[in-house]
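A look at the structure
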Amino acid sequence: MSDLTVLPHERGVIRLFALYMRPEEAKFLREPGAADQVLGVADLDPEQIDIFPVSDLEDLGLWGYLNEGGGVSEDQLDRAALGAVEGWIMALRSAAFKGQPAVLAPDSRVQLIGLFTEEATNWSGDRIETESAKPFSAPQTPAQDNRPRRIGSAALAVFLLLVIGGALWLIL
């Protein structure tokens with residue numbers, strides 16, 4: 001597998017590309033289907049593609065964009081290398097592929113800077129040994145009468161009939 005191969009149901013991956021083209025061409029890549037063409041794939045979700053000049057990031061920079069904005073851990077990032085990147089970039093999140101596999105064949109003006117993975121949530125944990133975590137540990141109560149209580153509805157109906165009757169009596 002290469003960095004340009006997208007596995008089925010891939011999650012949490014950001015591919016960062018440098019765009020070696022005029023600003024007008026890079027801006028055009030924001031149009032639906034345009035990024036698909038320069039990457040050699042079809043049906044990308046444009047909401048999962050960011051295209052912008054690095055200068056727009058100001059003090060945050062690419063390092064901050066990936067770390068703070070993309071959830072990429074610091075150990076994957078080279079601050080000096082990312083600080084040296086200039087011009088326009090494209091950040092392509094794996095969600096853009098809608099769970100489908102793909103092999104990217106980018107245009108020669110689109111160069112892969114790197115592949116970064118978002119920090120995943122660790123869902124593992126120790127076994128819970130407390131008494132309350134055991135099945136059927138709640139106190140067993142006898143079944144109660146579960147018939148609906150209709151006294152409130154009946155009282156409301158009587159009240160409405162009195163109001164309507166009073167209104168009719170005043171009218172007649």
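Further up the page is the structure itself.
Rules behind the numbers
- Residues numbered from 1 in each chain as written.
- Predicted model: local features only at pLDDT ≥ 70, side-chain atom pairs only at ≥ 80, totals over all residues.
- Heavy atoms only, no water.
- Helix = DSSP H or I, 4+ residues; strand = E, 2+ residues; numbered from the N terminus.
- Buried < 20%, exposed > 50% of the residue type's maximum accessible area, 1.4 Å probe, protein only.
- Polar contact = N/O pair within 3.5 Å; in protein donor to acceptor, adjacent residues only side chain to side chain.
- Contact = heavy atoms within 4.5 Å.
- Phe/Tyr/Trp six-rings, centres within 6.5 Å; stacked < 30°, edge-to-face > 60°.
- Lys NZ or Arg CZ within 6 Å of the ring centre and 35° of its normal.

**Let's talk about the environment of I14**
With respect to the helices and strands, I14 occurs in strand 2 (residues 13–19). Since its relative accessible area comes to 4%, I14 is described here as buried. In the structure, I14 is positioned 79 residues away from R93 in sequence and 4.5 Å away in space, judged by C-alpha atoms.

**Focus: the side chain of R15**
The residue R15 is located in strand 2 in this model. From its side chain, R15 meets the backbone oxygen of T5 in a polar contact 3.1 Å long. Setting aside residues up to four positions removed in sequence, R15 forms contacts with D3, T5, V6, E10, M90, A91, L92, F97, L104, L112, G114 and L115.

**Description of the packing of aromatic side chains**
In this structure the tally under the stated criterion is one aromatic pair. Between F52 and Y65, the aromatic rings sit 5.1 Å apart at their centres with planes inclined by 65 degrees, giving edge-to-face as the arrangement. Note that F52 is positioned in strand 3 (residues 49–53) and Y65 in helix 3 (residues 61–69), a separation of 13 residues in sequence. Taken individually, F52 and Y65 each receive the classification buried, so the pair is uniform in this respect. Lying over the aromatic face of W63, R79 brings its terminal NZ or CZ to 3.7 Å of the ring centre.

The values are spatial; any link to function lies outside them.
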